[in-house]
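Chain by chain, the residues run as shown.
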Amino acid sequence: AAATIAALERKLQEQNQVFWEAALRKDQALANLRGECAAYAEELRAAARAAAEERGPEEARQREVQAQLARAKEEVRTNRTEASVRIRQHAADMETLSNGICFVQSKLGEAEE
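1. What to know about the overall build of the protein chain
1) Next: Looking only at helices and strands, one finds one helix and zero strands in the protein chain.
2) Next: Taken over C-alpha atoms, the radius of gyration comes to 47 Å for the protein chain, far larger than the 13 Å a tight globule of 113 residues would show.
3) Next: Judged by the C-alpha coordinates and their principal axes, the protein chain covers about 160 × 25 × 10 Å.
4) Next: For the protein chain, the exposed area adds up to about 10,200 Å²; of that, 59% sits on carbon and sulfur atoms.
5) Next: Distance between charge centroids for the protein chain: 9 Å, based on 17 positive and 20 negative side chains.

Structure follows, in structure tokens:
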């Protein structure tokens, strides 16, 4: 019985040793994976920072172009409004001139009779 107990204890110790060696290998593999993940995460953060830095001037330029476009649209609207006012004024002036010419022609016609 003592030999059986000793054999079982030895077998248990061997299994315990195998378990702890496997656990240690798995812990080491997990630590390696965590290290790789951390390195990849840092690479991604660096790439994101670089992309953001590259987009910065581009986005600023886009905002400037949009602002210029808004100013141009406002200028076109203002010019159309001013042109419309000038056209109406010109039409009124032409009507007044036409009326004046007709009046003068009628007076000339009366004077010739």
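2. Here we look at the pattern of salt bridges
1) Next: The tally for this structure, following the rule as stated, stands at six salt bridges.
2) Next: Between Glu42 and Arg49 there is a salt bridge, and its shortest N-O distance comes to 3.1 Å.
3) Next: In this structure Glu42 comes out as partly exposed when scored by relative accessible area, which is 35%.
4) Next: Here Arg55 makes a salt bridge to Glu59, at a shortest N to O gap of 3.6 Å. You can see Arg55 and its partner Glu59 sitting in helix 1 (residues 2-112), four residues apart, about one turn around the helix.
5) Next: What you see here is one network of salt bridges that share partners, running through Glu42, Arg45 and Arg49.

3. Concerning the environment of Arg71
1) Next: Positionally, Arg71 belongs in helix 1.
2) Next: In this structure Arg71 comes out as partly exposed when scored by relative accessible area, which is 48%.
3) Next: Linking Arg71 and Glu9, residues 62 residues apart in sequence, is a C-alpha distance of 89 Å.
4) Next: At 3.4 Å, the side chain of Arg71 and the side chain of Glu64 are in polar contact.

4. Considerations on helix 1
1) Next: Compared with the 165 Å implied by 1.5 Å per residue over 111 residues, the 157 Å span of helix 1 between its first and last C-alpha is a close match.
2) Next: The sharpest bend along helix 1 comes to roughly 30 degrees, located at Gly56, with the proline Pro57 sitting one to four residues further on.

Rules behind the numbers
Residues numbered from 1 in each chain as written. Predicted model: local features only at pLDDT ≥ 70, side-chain atom pairs only at ≥ 80, totals over all residues. Heavy atoms only, no water. Helix = DSSP H or I, 4+ residues; strand = E, 2+ residues; numbered from the N terminus. Rg over C-alpha atoms; globule rule 2.2 N^0.38 Å. Areas by Shrake-Rupley, 256 points an atom, 1.4 Å probe, with all protein chains shown as cover. Lys, Arg positive; Asp, Glu negative; His and termini not counted. Charge placed at Lys NZ, Arg CZ, Asp CG, Glu CD. Salt bridge = Lys/Arg side-chain N within 4 Å of Asp/Glu carboxyl O. Buried < 20%, exposed > 50% of the residue type's maximum accessible area, 1.4 Å probe, protein only. Polar contact = N/O pair within 3.5 Å; in protein donor to acceptor, adjacent residues only side chain to side chain. Expected span 1.5 Å × (residues − 1). Bend = angle between axes of the 7 residues up to and from the residue.

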